[in-house]
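Survey of secondary and tertiary structure
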Amino acid sequence: MGMSQSYGAGDERESIATIHRALDLGVTLLDTADVYGAGANEELVGRAIKDRRDRVVLATKFALADPDRRPRGDAAYVKQAVEASLRRLGTDHIDLYYQHRVDPTVPIEETVDAMAELVAEGKVRHLGLSEAGVATIRRAHAVHPITALQSEWSLWSRDIEAEVAPTCRELGIGIVPFSPLGRGFLTGRVTSVADFADDDVRRTLPRFAEENFARNTAIVDALRALAAERGVTAGQLALAWVHHRGEDVVPIPGTKRVKYLEENVAAADLRLSADELRAVEDAAPVVAGDRYPPEFLELSNR
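Residues numbered from 1 in each chain as written. Predicted model: local features only at pLDDT ≥ 70, side-chain atom pairs only at ≥ 80, totals over all residues. Heavy atoms only, no water.

- Looking at an unreviewed UniProt entry, one finds the protein chain named Aldo/keto reductase, with Saccharothrix hoggarensis as its source organism.

In structure tokens, the structure reads:
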């Protein structure tokens, strides 16, 4: 996402180099969505993997591409959206196709049934949901197996642990945490909101608001101290904590630069003891501010 929107200007050459480096390092899952950059991100990913499609597990999403980004899940829209994504990605199939957000006006059974038709047609291999609640997950899974749930999960976003993650594990659904580094905050490289470009989405998020920013900085300070003991970065420690949530957890840290990609990949090999995991969790006992403004928060866990 960050290569095409939300985190300041992108650089196509660096973005494609980052994707290629990821594949060379053994990363196989690439995640995009039709709404990222109004389709531009799918086109970018398509160009990057054109000559190496067989090395990629390609995931994309639909449901938020309308001008007002109102979630849509009606069957006609599902079929329209997948054709547009296939065209932009330059491929004949999508490995993992997510509903980006649940449409409260359309029964989830209708949406998943339409998605299941795409599987039967060979256009999609596996189905996923994003930010779905327990009841929705169960109803969707009863129509067609759901392979993955993509939801926010990190040291400072742990609400899925109470009910959503256990439900996924009961049903055999993998968990794909987005923003596992707290939109960059947990890396310690964000020192002020003034660091952000004017169009950076983080300027609108409560946890980055001035009154919350300073309080949340204590989390990073504690992570830095723990990371120094292991000779790693705060971001690597925070990402390793997510990796340790289970073998069924595949976090997708975003970056648009090779340097930070390599740092993130190295975190996958960082092994933490039970005591170290507890210490990392203790670094973030309280988080100041919601993860989204109210209008976006209501689209989550639906």
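Text resumes after the structure shown.
A word on helix α1 (residues 12-24)
- Here α1 spans 18 Å end to end across 13 residues, near enough to the 18 Å set by a 1.5 Å rise per residue.
- Buried residues of α1: Ser 15, Ile 16, Thr 18, Ile 19, Ala 22 and Leu 23, and no others. Projected down its long axis, α1 carries its buried residues within an arc of 155 degrees, all on one side. Exposed and oriented more than 90 degrees from the buried face of α1 are Arg 13 and Asp 24.
- The backbone nitrogen of Arg 13 lies 3.0 Å from a side-chain oxygen of the residue at the head of α1, namely Asp 11.
- Trailing α1 by a residue or two, Gly 26 shows a phi angle of about 100 degrees, which is positive. (Helix = DSSP H or I, 4+ residues; strand = E, 2+ residues; numbered from the N terminus. Expected span 1.5 Å × (residues − 1). Buried < 20%, exposed > 50% of the residue type's maximum accessible area, 1.4 Å probe, protein only. Arc of directions from axis to C-beta. Polar contact = N/O pair within 3.5 Å; in protein donor to acceptor, adjacent residues only side chain to side chain.)

Observations regarding the pattern of salt bridges
- Scanning the entire structure with this criterion turns up 26 salt bridges.
- The partner of Glu 170 in a salt bridge is Arg 138, with the nearest N and O atoms 2.7 Å apart. Pair noted here: Glu 170 is in helix α6 (residues 164-171) and Arg 138 is in helix α5 (residues 134-143), with a separation of 32 residues, a long-range link.
- Between Glu 152 and Arg 291 there is a salt bridge, with the nearest N and O atoms lying 2.8 Å from each other. One end of the pair, Glu 152, is in strand β5 (residues 148-152); the other, Arg 291, is in the loop between α10 (274-282) and α11 (294-297), with 139 residues separating them in the sequence. Pair check on accessibility: Glu 152 and Arg 291 agree, each one buried. (Salt bridge = Lys/Arg side-chain N within 4 Å of Asp/Glu carboxyl O.)

A short note on the side chain of Gln 236
- Along the chain, Gln 236 turns up in helix α8 (residues 234-243).
- Within the structure, Gln 236 has its side chain in polar contact with the backbone oxygen of Glu 263 (distance 3.1 Å).
- Apart from residues lying up to four places away in sequence, Gln 236 is in contact with Glu 263, Ala 266, Ala 267 and Leu 270. (Contact = heavy atoms within 4.5 Å.)

Considerations on unusual backbone geometry
- Unusually for a residue other than glycine, Glu 131 sits at a positive phi of about 55 degrees.
- With respect to the secondary-structure elements, Glu 131 resides in the loop between β4 (124-130) and α5.
- Residue Glu 131 is classed as buried on the basis of its relative accessible area, which comes to 3%.
- With a phi angle near 50 degrees, Ser 179 is a residue other than glycine that sits in the positive phi range.
- Within the secondary structure, Ser 179 sits in the loop between β6 (174-178) and α7 (210-230).

As for helix α9 (residues 258-267)
- Residues of α9 that are buried: Leu 261, Glu 263, Asn 264 and Ala 267. Relative to the axis of α9, the buried residues are bounded by an arc of 160 degrees and lie together on one face.
- Those residues of α9 that are buried are in contact with α1 and α8.

Things to note about the packing of aromatic side chains
- Inspection of every chain in the model, using the stated rule, returns eight aromatic pairs.
- A centroid spacing of 5.7 Å and a plane angle of 70 degrees characterise the contact between Phe 196 and Phe 208, whose relative ring orientation is edge-to-face. Within this pair, whereas Phe 196 is found in the loop between β6 and α7, its partner Phe 208 is found in the loop between β6 and α7, the two being separated by 12 residues in sequence. Neither Phe 196 nor Phe 208 differs from the other in exposure class; each is buried.
- A centroid spacing of 6.5 Å and a plane angle of 55 degrees characterise the contact between Phe 208 and Phe 213, whose relative ring orientation is tilted. In this pair, the class of Phe 208 matches that of Phe 213, namely buried.
- Ring-pair connections join several aromatic residues into one group, and the members of that group are Trp 156, Phe 185, Phe 196, Phe 208 and Phe 213. (Phe/Tyr/Trp six-rings, centres within 6.5 Å; stacked < 30°, edge-to-face > 60°.)

Some points on the packing of α8 against α9
- As a packed pair, α8 and α9 sit with axes 8 Å apart at the nearest point and diverge in direction by 45 degrees. As summarised for this structure, α8 and α9 are arranged oblique, according to the angle between their axes. The two elements α8 and α9 cross, and the hand of that crossing is right-handed. Along the contact surface, α8 presents Gln 236, Leu 239, Ala 240 and His 243, while α9 presents Glu 263, Asn 264, Ala 266 and Ala 267.
- Here the contact of α8 with α9 is composed, by residue class, of four nonpolar, three polar and one charged. (Axes fitted to C-alpha atoms, helices over the stretch in contact; angles between N-to-C directions. Parallel < 35°, antiparallel > 145°, perpendicular 65-115°, else oblique. Left-handed = near helix turned anticlockwise from the far one by under 90°. Nonpolar A, V, L, I, M, F, W, Y, C, P; charged D, E, K, R; others polar.)

Side note on the environment of Ile 219
- Relative to the assigned elements, Ile 219 resides in helix α7.
- Each C-alpha atom, one on Ile 219 and one on Phe 185, is 9.5 Å from the other, the two residues being 34 residues apart in sequence.
- Setting aside its immediate chain neighbours within four residues, Ile 219 contacts Leu 186, Ala 283, Ala 284, Val 286 and Val 287.

Points about the sheet that holds β4
- Read across the sheet, six strands follow the order β1-β2-β3-β4-β5-β6 without closing on themselves; strand pairing throughout is parallel. Bordering the open sheet on either side are β1 (29-31) and β6, each of which pairs with just one other strand. Within this sheet the neighbouring strands show an average axis-to-axis angle of 25 degrees, counted without direction.
- Pairing of strand β3 (residues 94-99) with β4, which is carried by five bridges, proceeds in the parallel orientation. Along β4, the bridge assignment pairs Tyr 98 with Gly 128.
- Packing of helix α4 (residues 108-120) onto the sheet brings it into contact with β2 (57-62), β3 and β4, and relative to β4 it is tilted by some 155 degrees. (Pairing = 2+ DSSP bridges.)

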